[in-house]
Amino acid sequence: MPTNIFIALAASLLLLSGCAQQASRNDNQFYLLSSDSAAVQKTNTAHVIGLRPVTVAAYLNNAGIALQTTESQIKIANHHLWAEQPNLAITRVLHGELNRQLNDSRVDNGQFGRSPDWQYTLSTHVDQFHGTEDGLAVFSGYWQLESKDNVLLSARFNLSSPLEKPGYSALVAQLRELLSQLAEAQALHISAQLTDSR
């Protein structure tokens, strides 16, 4: 085969593979966990809580949204992708929600480092944050509130809710709602604990 024909064929194959990759990239849908909470500036609060960066199970920190297909199998979507890493998104949303709901406390986002005026630290670990093939959003894990070296509160959470309609947009909206439910439960428990400790 003459060299010129070989080079032309190779160039054509490269061009076709580039077009296929571009087409698949154009099919990607990106989803964001929206934060409804407006930025809250707080000074002179009774308490300062440091929100440690949320940790998640390794399978969750993928670009693709996870869908449980059987009791022991998970499928990671190829074209339905998180716009930011799930651990960062969950931390961001929890920070906004908790700052809004804990009136007597300032909640700092620990993603930006530890502040010396933290009186308490809140840690959250996520085991499950995905959808199921039968139309549920599932969110589970555990959290704890510490003061210095003492654990003041420790709780597991296991939340689930049916999707309002099929699809990844509905799944992300329902996961966001479950995240609000977690923040509300954390705020109630923390508020009661800090009131009792005065």
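As a reminder, the structure under discussion sits directly above these lines.
Residues numbered from 1 in each chain as written. Predicted model: local features only at pLDDT ≥ 70, side-chain atom pairs only at ≥ 80, totals over all residues. Heavy atoms only, no water.

Participant: Which parts of the structure should I look at to understand the pattern of salt bridges?
Facilitator: It is possible for side chains bearing opposite charge to pair when their charged atoms get close. Per the stated rule, a full pass over the model turns up 7 salt bridges. Here Asp117 makes a salt bridge to Arg106, at a shortest N to O gap of 2.9 Å. Here Asp117 is found in the loop between strand E6 (105-109) and strand E7 (120-132), whereas its partner Arg106 is found in strand E6, with 11 residues between them in sequence. Salt bridges sharing common partners tie together Glu97, Arg100 and Arg176. (Salt bridge = Lys/Arg side-chain N within 4 Å of Asp/Glu carboxyl O. Helix = DSSP H or I, 4+ residues; strand = E, 2+ residues; numbered from the N terminus.)

Participant: I tried to follow empty space enclosed by the protein on my own but got confused; where do I start?
Facilitator: A probe as big as a water molecule, rolled over the atoms, marks out the empty space that is left. The tally for this structure, following the rule as stated, stands at 1 cavity of 30 Å³ or more. A volume near 40 Å³ is recorded for the largest cavity. Taken together, Tyr59, Leu60, Asn62, Gly64, Ile65, Ala66, Ile76, Trp82, Pro86 and Phe129 form the lining of the largest cavity. Counting only elements with at least two residues in the lining of the largest cavity, the list comes to strand E4 (64-70) and strand E5 (73-82). No other element matches the 3 residues that E4 contributes to the lining of the largest cavity. Here the residues of the lining of the largest cavity are counted per class, giving 8 nonpolar, 2 polar and no charged. (1 Å grid on protein atoms, 1.4 Å probe; cavity = no way out; pocket = protein on both sides within 12 Å on 5 of 7 lines; lining within 4 Å. Points joined across faces, edges and corners; volume = space filled by probe spheres on them. Nonpolar A, V, L, I, M, F, W, Y, C, P; charged D, E, K, R; others polar.)

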